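Summary of the model geometry
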Amino acid sequence: MRKTPIIIAVLTAVLAASCEKDLPYTSEDWFKQNVTVDAVATCDTTFTATIIQANPYSRLMLYSESTGRTYDEKQEADIIKTAEAKLTVNGTDSYPMTYDESAQRYVSSYVPEEGDDIHIDVSTSMFGNATATATVPRKPEIEVSTNSISQTDGNDSILVDMSLTITDPSGENYYRLIVRAVTNPILWSDPSQSASSSAIPSGPQYKRFASDVFYSDDDIFLDTSLTKGFGGWPAFMTNVFSDNGFDGRTYTVSIRKKCPNGSIRDNEIYVELQSLSKELYHYLKSVQWYRIQDSSDFYANDLYIYSNVVGGWGILGGLSASRVTVPVR
Amino acid sequence: MRLRLALAALLAIVCCVISSAQTRTVAGRVESLDGTPLAGAHVRPVDEGGGAVTGKDGTFSLRVKTDAEVRIAVSYVGYETQYRTIGASADDTYIIIVLEEGNRLPGVQVYGQRREFMNFGIEASQMSALSLDAERVKSSPALFGEADVLKTIQKMPGVLSAEDGNAGIHVRGGEYDQNLVTMDGAPVYNSEHLGGFVSIMNPDVVDNVLFYKGAFPARYGSHLSSVVDVSLRSGDMNRYHGQISLGMLSSKVQAEGPLWKGHTSFNVAARASYFNWIVEPMLKGLYDDKDAIARFAHMNYFDLNAKIVHLVSSRDTVSLSVYAGRDKNNESPDGSTAEMSGEGSESQGSVPFKNYSRQYTTSANGNRWSNIIGSLQWMHAPNERLRLATRATMSLYSYRTSYSTLNDESEGRAYTDRTFTVINNDIVKRQMTDELNLFHRSKVADYALASDLAWSLPGNNVGIGIKLSYDRLLPAVDARRHTTTRTIDNPNFTYSDAAANNFTYTVDEASLRSRIGSHKNLFSASAYIEDDIRWNKAISTNIGIRTSFYSVKGESHISVEPRLSASVLLNENMSLKAGYARTSQAMHRLTSNSATTPSYTWIPLMKGMKPATADQLSLGYNLSIGKQVEVSVEGYYKHLDNIVEYRDGASFSTNRNDWDKLIAMGKGDSYGVEFLLEKGSGPTTGWLSYTWSRSFRKFDRPGMEVSGGKRFRSGADRPHNLNIVLTQQLGRGWDITASWTYQSGFRRTLTNMNIYGGQLDGYDGWSEYGADASYAHIASLKELSTFKERNGYKLPDVHHLDISLNCRIEHGWGESTCNFSIYNVYNRKNISSVYFGYENNAVVLKGLCRFPFLPSVSYTLSF
């Protein structure tokens, strides 16, 4: 006789059970805080690394009842200053890294050379060990010839048309191209320092400006994932590219650079071709895609920021550059 | 080279045909009274082990003793078992066996009759294949009591469900779109109703299902991973029958009978759901977050099946099958208002004012899809050994989603009451309205003409066929955006200005209309030849070759696909089997990896793409224990190439290119071991299946890298899959079925970490110049959201026990069947989707269990 209420109670308990459940979010390895190691071993330049805390969403996003929106708790990076970082080059030479407060980076005495194999070990008391490996690529071969210089925008600007010849060694190679122009000092008043601002106006001062942006119709600079322009770069154009299409060959590409007329420092610009390690290439590509992402686009596929750091996040890349100066007088 | 290979294979087949005709074989065809071939019928010597299962055209081939009279039993669920005796002196024999319907009403569920095995038998050359009849499907415990073909297949080794309670299948590590699902030969491009709660195959009209997951016969093609070949049941030529079913999710009606007695029959069935009436309130009561059900808030479907069969003559049969179904799945509109009162509150007399900023947002999602499928078939049997089936099919699929959002932000000043509640807007200083409407469509119109010739010879079943098809697809996204900004010309207006109506606005409007995608055409042609050969009592093979030709604008491709399966009988009770199949696919369904808003888009081959291919090698061992139990173990390795995925971060809502710019092509590998133990007869029947499998993907082609070209797990990488299904006859029309499922958890891509990173030191635009860049570090560190690995987040493992109790009551004029089912008896919270939620101002990861403990009842009246 007493079975009936027991059965009813059990069934009610089962039925009343919620259909949602909080998953073990922060306790799982997958979600734990960790370190981000950002470092690029650049040929002939002292090696440095940034070590920052990586946080799961729960540490950073807060919900505002009043606005109904989420926002970041922190706007600045949590730089880890107490990590033990060690660099091993070519499997033999060891270089300790120390934290430089002014640069907010770990610095070493190591200056990368072409072909060096680099291995970094980062150890923190909170987050354990993270390691990464990279190879410094060979310097690329590039020749530049100027085809024409013309004036445009009512003589306010000049267009510099150039031909670049890249000699690509066989095998997979990855590049970044910058075409940099730096202006002469220009009298500049910061528009953000308005009279109504409580900040002390900085007043007009002389500043230089620079731009790496160039234009080209060549397919090697085409990236169909870059559906929007960004930072002066047109949509579908990238300056980070691979040798897919000219592997092992000498390839000539035409580019155009637009500069302000008559105010270029020393009347010259420089063209720099950088050889990238494969890992750095993928990292830079993913960051370029990320910066045009629309966070409110529900239909967007999730984007992976490339990482070669084992036990952490970030990138250890290798880079070697060749620079050519081009007069634009 | 390929031509030579094809010729060599053809030569081998011809040689096989000639050489194998030297031994004694009983071959033939099994069909119903109206001439419909019965696929999946079992043919076995009564006093010997082994046996054969009829193929799709009803043909079989069986080796028997040469020196003794042999009695053969032919059985098929729902039909009277027939016996034939083959004399001792007879040489190779070809027989046609016509089965009559058994002493039951067609369409009535039959529980407790002797069950046959799902496997094709230890002697058959075919491996990696199963035959399911409608009764097996109906007896399986089902969610809300809705028996389902695809959900029954999910309980087989090598098959995983797309989500908990979802009818979608992943076979041997393949993707959802790699399954060829056909209804009477016509392809189905979306086999789901209610977002996957049930499939579109109404079990009341399903006759038989042939399911292949490897060692594909050459007659099947166009998809990489599996074939679900559904045959619809012909109506009774002589008597009228029908049934009415009432369930918690839907109700059904089915009727069949003669249109012209003995010559023409019909079979019609219709279903309609009422999800919103019972199931939705029931689920809503179980969710913490009532909005979680919003995704399914306005979801319903209806469908209609009809089949007409006409016996033109004793040698010719014409049949027409039609299916029409439609779904809608609209989310509840979602809206929110946020208001902040600013500083500088003032008053005019006794009426206070306040400055405010207000944001109002609303969004709505709509989703509809429909299938219209037709198949017109002419079966012609010029003589006993030849059978020609010619079929014209049509499949029209339409999928549409819409997303609209309105964002209205305004700043101004308002009259308020003493508690500062707005009672009237006074002046709007600035108002910005952003209205976005997004329409996503995916349409497929598939027209095909196919002809299959089956030629039965002693020891050989030869099949030759050709198929031409034309597909017209529309993958398109239309976006319309309209923004309006209204700004007061004098921001320093005073109350007297407002009172005097002394102010004006500047209005800026902008409209954007864009469309990506357009109609795309795909022409396909394929031809095949295959021969199922019994070399002797111990060895049988199926050798075939299929050639597929695909043509799209400006490009064409040929795929040569050898097929081979072989069986070696080690003794009367055990055999070894091996199979190899190459398959190709020219259409893909793109699925976004977004866990919150999935989207599905069919695209054909496009310029620069190649047909996807799969090479699969299988090895199996079959054991027959007595006459009631069979065991099979199979291992497989499958390599996929030219498969398609969305690129990292790709979005069709922001893209202005065609679809080929959104996708990447890559490769994949799957491997695993499958075990099936099946008890086919007796008062207790059922099966145990276990699969261990892995599945990976790699997209590393230059310019098409996904996850930087790293190898990652596919969504179907769920290593363990165990199913136990047991049916017990309780007598007096009662039976009970219990099913326990255990599967490794689902895999999802979950962006969950914020890291710091950025571009190398450099200058994008004309920005302030610091010093000559060293490039030695990542400059301008920014917060970036990312994840560790695509499909890297594993949800908790899934397991549930389901029970189904059936009771049949004979009325003389008909029969009542009651079904009581419990899904997830011990209320395991199986998580199939996750989302980030907020509790106490902190982020929590919420798992949504769609189907907790769910009892259901259904009633069927058959007459």
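Secondary structure assignment for chain A yields three helices and 20 strands. When the 329 residues of chain A are sorted by exposure, 48% land in the buried category. Considering only residue pairs separated by 6 or more positions, chain A has 66% of its internal contacts joining residues 24 or more positions apart. Just so you have it, chain A exposes about 15500 Å², and 49% of that area is on carbon and sulfur atoms.

All right, on to the overall build of chain B then. Counting secondary structure elements, chain B contains five helices and 51 strands. Relative to its full complement of 863 residues, chain B shows a buried share of 60%. Entry remark: accessible area of chain B is about 31700 Å², with carbon and sulfur atoms responsible for 57%.

The next subject is the environment of B:Leu453. Here B:Leu453 shows up in strand E26 (residues 422–457). Using a relative accessible area of 30% as the deciding quantity, one classes B:Leu453 as partly exposed.

All names here are of chain B. What the four strands build is an open sheet, ordered E3-E2-E5-E6; its pairing is antiparallel. With partners counted over all chains shown, the strands left at the sheet margins are strand E3 (52–53) and strand E6 (82–86), one partner each. In this sheet, strand E5 (residues 70–75) lies alongside strand E2 (residues 42–45) in antiparallel orientation, the contact comprising four bridges. Considered in E5, the bridge of Arg44 is made with Ala73.

To continue, consider the side chain of B:Ser632. Residue and element names in this part refer to chain B. Here Ser632 lies in strand E36 (residues 629–646). We classify Ser632 as buried; its relative accessible area is 5%. In this view, Ser632 contacts Asn119, Tyr621, Asn622, Glu674, Phe675 and Leu676; residues no more than four positions away in its chain are not counted.

A few words on helix H3 (residues 278–290) of chain A. For H3(A), spanning 13 residues, the distance from its first C-alpha to its last is 18 Å, which sits close to the expected 18 Å at 1.5 Å a residue. Of all 13 residues that make up H3(A), ten are buried, and the element is covered over most of its length.

Another point: the pairing of strand E41 (residues 734–743) of chain B. Residue and element names in this part refer to chain B. Side chains Asp735, Thr737, Ser739, Thr741 and Gln743 project from E41 onto a buried face, and the interleaved Trp734, Ile736, Ala738, Trp740 and Tyr742 project onto a face without burial. Sheet topology note: the strand E40 (residues 720–731)/E41 ladder contains ten bridges and is antiparallel. The partner of Thr727 across the bridge, within E41, is Thr737. A loop of two residues connects E40 with E41, the two strands running antiparallel in sequence, and Arg732 in this loop sits at a positive phi of about 55°. The pairing of E41 with strand E47 (residues 798–810) spans ten bridges and is classified as antiparallel. Bridge pairing in E47 places Ile736 opposite Leu805.

Our focus in this paragraph is the pattern of salt bridges. Pairs can form between side chains of opposite charge whenever their charged atoms are close. Residues and elements named next belong to chain B. Under the criterion given, the structure shown has 39 salt bridges over all chains. One salt bridge connects Asp717 with Arg694, and the closest N-O pair in it is separated by 2.8 Å. A residue pair is termed long-range when its members are at least 10 positions apart, and Asp717 in the loop between strand E39 (711–713) and E40 and Arg694 in strand E38 (residues 684–698) qualify at 23 residues. Arg694 matches Asp717 in its accessibility class, with the two residues each being buried. Shared partners join several salt bridges into a network, and the residues in it are Arg694, Arg713, Asp717, Arg747 and Glu789.

On to the sheet that holds strand E12 (residues 157–167) of chain A, then. All names here are of chain A. The strand order across the open sheet formed by three strands is E11-E12-E18, and the pairing between neighbours is antiparallel. Edge positions in the sheet fall to strand E11 (141–152) and strand E18 (250–260), since each of these pairs with one other strand and no more. Looking at each pair of strands side by side, their axes are set apart by 20° on average, direction ignored. In the sheet, E12 pairs with E18 via eleven bridges, with the strands oriented antiparallel. Each bridged residue has a counterpart across the sheet, and for Asp161 the counterpart in E18 is Arg256.

So, about the confidence of the model for chain B. Residues and elements named next belong to chain B. Across chain B, the average pLDDT comes to 82, with 82% of residues at 70 or higher. Every residue in residues 10–23 is under pLDDT 50, and counting partners more than four places away or in other chains gives 25 contacts. Here residues 103–115 is a poorly scored stretch, pLDDT under 50, and it has 47 contacts once near neighbours within four places are set aside; other chains count. Scoring of the predicted complex yields 0.82 for pTM and 0.86 for ipTM.

Let us now look at the environment of A:Tyr306. If you trace the backbone, A:Tyr306 turns up in the loop between H3 and strand E20 (313–327). Looking at A:Tyr306, the relative accessible area reads 8%, which means it is buried. Spatially, the C-alpha atom of A:Tyr306 lies 6.3 Å from that of A:Ser286, the residues being 20 residues apart in sequence. Excluding its chain neighbours within four sequence positions, the residues that come into contact with A:Tyr306 are A:Glu279, A:His282, A:Tyr283, A:Ser286, A:Gly314, A:Ile315, B:Ser707, B:Gly708 and B:Lys710.

Moving on, we get to unusual backbone geometry. Residues and elements named next belong to chain A. If you check the backbone angles, Gln104 has positive phi at about 55° while not being a glycine. Structurally, Gln104 can be placed in the loop between strand E7 (93–100) and strand E8 (105–107). A positive phi angle, close to 60°, is found at Asp266, a residue other than glycine. Positionally, Asp266 belongs in the loop between E18 and strand E19 (268–276).

Moving on, we get to the pairing of strand E31 (residues 555–571) of chain B. Within a regular beta strand, the side chains point alternately toward one face of the sheet and then the other, so they alternate between its two faces. Residue and element names in this part refer to chain B. In terms of strand pairing, strand E30 (residues 539–552) meets E31 through 14 bridges, oriented antiparallel. Residue pairing across strands places Ser548 opposite Ser559, the latter belonging to E31. In this structure, the hairpin formed by E30 and E31 is closed by a connection of two residues, where Gly554 is found at a positive phi of approximately 85°. Two strands pair when backbone bridges link them, and E31 and strand E32 (residues 574–585) are joined in this way by eight bridges, in the antiparallel orientation. Counted as the bridge partner of Leu564 is Tyr580 from E32.

Residue and element names in this part refer to chain B. A cluster of nonpolar side chains, contributed by Ile244, Leu246, Val253, Trp813, Tyr859 and Phe863, occupies part of the molecular surface with about 580 Å² of accessible area. You can see Tyr859 is positioned in strand E51 (residues 854–862). Exposure remark for Tyr859: the relative accessible area of 32% places this residue in the partly exposed category.

Here we come to the environment of A:Arg249. Residue and element names in this part refer to chain A. Considering the arrangement of structural elements, one finds Arg249 in the loop between strand E17 (240–242) and E18. Overall, Arg249 belongs to the partly exposed group, its relative accessible area being 41%. Counting along the chain gives 79 residues from Arg249 to Ser170, while the straight-line C-alpha distance between them is 7.6 Å. Leaving out residues up to four positions away in the same chain, Arg249 has contacts with Ile166, Thr167 and Asp168. From its side chain, Arg249 meets the backbone oxygen of Gly245 in a polar contact 2.4 Å long.

It is worth spelling out a positive patch on the surface at this point. A cluster of basic residues, B:Arg326, B:Lys328, B:Arg368, B:Arg400, B:Lys443, B:Arg480 and B:Arg513, forms a positive patch at the surface. Structurally, the position occupied by B:Lys443 is in strand E26.

The rules behind the values
- Residues numbered from 1 in each chain as written.
- Chains lettered and ligands numbered in written order.
- Predicted model: local features only at pLDDT ≥ 70, side-chain atom pairs only at ≥ 80, totals over all residues.
- Heavy atoms only, no water.
- Helix = DSSP H or I, 4+ residues; strand = E, 2+ residues; numbered from the N terminus.
- Buried < 20%, exposed > 50% of the residue type's maximum accessible area, 1.4 Å probe, protein only.
- Contact = heavy atoms within 4.5 Å.
- Areas by Shrake-Rupley, 256 points an atom, 1.4 Å probe, with all protein chains shown as cover.
- Pairing = 2+ DSSP bridges.
- Expected span 1.5 Å × (residues − 1).
- Salt bridge = Lys/Arg side-chain N within 4 Å of Asp/Glu carboxyl O.
- Axes fitted to C-alpha atoms, helices over the stretch in contact; angles between N-to-C directions.
- pLDDT = per-residue confidence, 0-100.
- Patch = residues over 30% accessible without salt bridge, like charges linked within 9 Å, V, L, I, M, F, W, Y side chains within 5 Å.
- Polar contact = N/O pair within 3.5 Å; in protein donor to acceptor, adjacent residues only side chain to side chain.
- Lys, Arg positive; Asp, Glu negative; His and termini not counted.
- Charge placed at Lys NZ, Arg CZ, Asp CG, Glu CD.

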